[in-house]
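# Close look at the chain arrangement
Listed below are the residues making up each chain.
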Amino acid sequence: MRALVATVSVAVLLLTGCSSSDGGTPTPAVTVTADDTTEPAPEPTDAESTQPEQKQPSISIASLPIGGSSVDDQHPNCYSVSLTDTSLPAGTTIELGSATFKPEGVFAADQQSCPGDLPACPGVRWTADQHDTCYVGVRQLAGSGSTTLEVPGQATCESQSDCDSLLGRSGSQIVLTAVPTETPETPETPETPTG
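Here the structure is a predicted model, which is why all the values come from computation and not from measurement.

The next point concerns the overall build of the chain. Looking only at helices and strands, the chain has two helices and twelve strands in total. Written out in order from the N terminus, the α and β elements of the chain read α-β-β-β-β-β-β-β-β-β-β-β-α-β. For the chain, buried positions account for 28% of its 195 residues. Considering only contacts within the chain whose residues lie at least 6 apart along the sequence, 81% involve residues at least 24 apart. Summing over all exposed atoms, the chain offers an accessible surface of approximately 13,600 Å²; the carbon and sulfur share of this is 52%.

Here is the structure:
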């Protein structure tokens, strides 16, 4: 394309340089080289400078305000977990962590107690517009006692006041009570007569 533009320009200039209108002085001829173009200069290839990263405020919440119950009779040790009595401010995201129990030693997390198609809580993100239910499977460790199932989270907010508004909310409402394990009764051994 460059050669064609240069050739056309040279031909036009040469024709006007050869003509003389009234026998006066001829118009000077202009020479054009192949490097002369009307194309814009190439853009720089250097990387553009980036804006400095703006850190949003964030807080850890040890026990989110959650509620839930066992999924069904077939999965009595699988509990649904959902956000209760709280609306999240716009621009706030909470990423859920792994379940904990307070006090420890009565139950432990065991995701195999839940059907495989139900999402576990770690990594689930709740926002102002979406806070889907997730599920925690549990396994009883002790023969008696009660514990509260807690799910911690990491909140990232638009402002520090948005994060502060999440603190002090009521915690988990999921309380688990151990069912005493039944021990099979041993039949009494009849006395043998001595004689």
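From this point, the discussion proceeds with the structure in view.
Strand order in this open sheet of three strands is β6-β10-β12, and the pairing throughout is antiparallel. In the strand order of this sheet, the two ends are held by β6 (100–102) and β12 (175–177), each with one partner. Strand-to-strand, the axes of this sheet are offset by a mean angle of 35°, without reference to chain direction. Across three bridges, the pairing between strand β10 (residues 146–150) and β12 is antiparallel. Looking at β12, one finds that T147 is bridged to L176.

Further remarks concern the sheet that holds strand β5 (residues 93–96). As a general point, the strands of a sheet are linked pairwise by backbone hydrogen bonds and lie either parallel or antiparallel. One open sheet holds the four strands; their spatial order is β1-β11-β5-β8, and the pairing between them is antiparallel. Each edge of the sheet is formed by a strand with only one pairing partner; in this case those strands are β1 (58–61) and β8 (125–127). The sheet shows a mean angle of 20° between the axes of neighbouring strands, taken without regard to direction. Bridge count for β1 against strand β11 (residues 153–156) is four bridges, and the pairing is antiparallel. Each bridged residue has a counterpart across the sheet, and for S60 the counterpart in β11 is Q154.

Another point: the side chain of D162. Within the element layout of this structure, D162 appears in helix α2 (residues 160–164). In this structure D162 is buried but unpaired, with R169 as the nearest side chain of opposite charge at 9.0 Å. Aside from chain neighbours lying at most four places away, what touches D162 is P89, A90, T92 and C157.

Relative to strand β4 (residues 75–83), strand β2 (residues 66–67) runs antiparallel, the two sharing two bridges. The partner of G67 across the bridge, within β4, is S82. In this antiparallel pair of consecutive strands, strand β3 (residues 70–72) and β4, the connection spans two residues. By the bridge criterion, four bridges tie β4 to strand β9 (residues 134–140) in an arrangement that is antiparallel. Residue pairing in the sheet places V81 in a bridge with C134 of β9.

In this section: the environment of D162. A residue is classified by how much of its surface remains accessible, and D162, at 19% relative accessible area, is buried. Distance from D162 to P89, taken between C-alpha atoms, is 6.3 Å for residues 73 residues apart in sequence.

Inspection of every chain in the model, using the stated rule, returns two salt bridges. Of the charged contacts, one joins R125 and E95 as a salt bridge, the two residues approaching to 3.2 Å between their closest N and O atoms. Here R125, found in strand β8, pairs with E95, found in strand β5; they are 30 residues apart in sequence, far enough to count as distant. Across the pair D110 and R139 runs a salt bridge whose closest N-O atoms are separated by 3.7 Å. Residue D110 is found in the loop between β7 (107–109) and β8, and its partner R139 is found in strand β9; the two are separated by 29 residues along the sequence. R139 sits in the partly exposed class, given a relative accessible area of 39%.

Let's shift gears to unusual backbone geometry. Cis geometry is adopted by the peptide bond preceding P103, which originates at K102 and carries an omega value of -5°. Positionally, P103 belongs in the loop between β6 and β7. At D85, a residue that is not glycine, the phi angle is positive and equals roughly 50°.

How each quantity is defined
- Residues numbered from 1 in each chain as written.
- Predicted model: local features only at pLDDT ≥ 70, side-chain atom pairs only at ≥ 80, totals over all residues.
- Heavy atoms only, no water.
- Helix = DSSP H or I, 4+ residues; strand = E, 2+ residues; numbered from the N terminus.
- Buried < 20%, exposed > 50% of the residue type's maximum accessible area, 1.4 Å probe, protein only.
- Contact = heavy atoms within 4.5 Å.
- Areas by Shrake-Rupley, 256 points an atom, 1.4 Å probe, with all protein chains shown as cover.
- Pairing = 2+ DSSP bridges.
- Axes fitted to C-alpha atoms, helices over the stretch in contact; angles between N-to-C directions.
- Lys, Arg positive; Asp, Glu negative; His and termini not counted.
- Salt bridge = Lys/Arg side-chain N within 4 Å of Asp/Glu carboxyl O.

Read these as layout, nothing more, since geometry by itself doesn't imply function.
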